Amino acid sequence: MWYRTGQIFTLECVLEEYRKQSSTHYFLLDNEKALHHMIFHITKWKPEDIRALSLNDCLFIISDKLKPEYMAQEAAEFLARLKLPSTPYPTDHFSGRDWTLRENSGLLQSL
């Protein structure tokens, strides 16, 4: 459970930084739009193909971005203080429902 919690927290923090860099006043990359936009920039796949991906597939594609250097310094320091397990753990069986898209938006805006 802690591994998945750290993974989802990292995803949220990385996407928050990505939103700051890539959103515009005319098109906000909220929730899964930021994830899909990031995947589009990496793969150049059609948006409808990206939207059909599972969360685990999305995480696989952006795995090189799921690092402390891609999140706010405060968030990276917080995550480091938690001392969560860092050994690889199989996540193929984790459900995409673990990521509650709109639940963390307000919290992240306060960081």
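Everything below is about the structure shown above.
What counts and what doesn't
Residues numbered from 1 in each chain as written. Predicted model: local features only at pLDDT ≥ 70, side-chain atom pairs only at ≥ 80, totals over all residues. Heavy atoms only, no water. Helix = DSSP H or I, 4+ residues; strand = E, 2+ residues; numbered from the N terminus. Buried < 20%, exposed > 50% of the residue type's maximum accessible area, 1.4 Å probe, protein only. Contact = heavy atoms within 4.5 Å. Areas by Shrake-Rupley, 256 points an atom, 1.4 Å probe, with all protein chains shown as cover. Salt bridge = Lys/Arg side-chain N within 4 Å of Asp/Glu carboxyl O. Phe/Tyr/Trp six-rings, centres within 6.5 Å; stacked < 30°, edge-to-face > 60°. Lys NZ or Arg CZ within 6 Å of the ring centre and 35° of its normal.

Draft legend 1. The arrangement of the overall build of the protein in detail. The number of helices and strands found in the protein is 6 helices and 0 strands. Ordered by position from the N terminus, the helices and strands of the protein form the series α-α-α-α-α-α. The buried share of the protein, reckoned over its 111 residues, is 35%. Summarising the internal contacts of the protein: among those between residues at least 6 apart in sequence, 65% fall at separations of at least 24. Split by element, the accessible area of the protein, about 7,600 Å² in all, is 57% carbon and sulfur.

Draft legend 2. View of the pattern of salt bridges. Taken as a whole, this structure holds 3 salt bridges when the rule is applied. R19 serves as the salt-bridge partner of E16, at 3.2 Å between the closest nitrogen and oxygen. Taken together, the residues span about one helical turn, with E16 and R19 both in helix α1 (residues 2-22) at a distance of 3 residues. Assigned by exposure class, E16 and R19 land together as buried. Linking K33 and D30 is a salt bridge whose minimum nitrogen-to-oxygen distance equals 3.6 Å. Classification of D30 by relative accessible area gives partly exposed; the value is 29%.

Draft legend 3. Spotlight on the packing of aromatic side chains. Per the counting criterion, the structure on display carries 1 aromatic pair. The aromatic ring of F40 is capped on one face by K44, whose charged end is 5.8 Å from the ring centroid.

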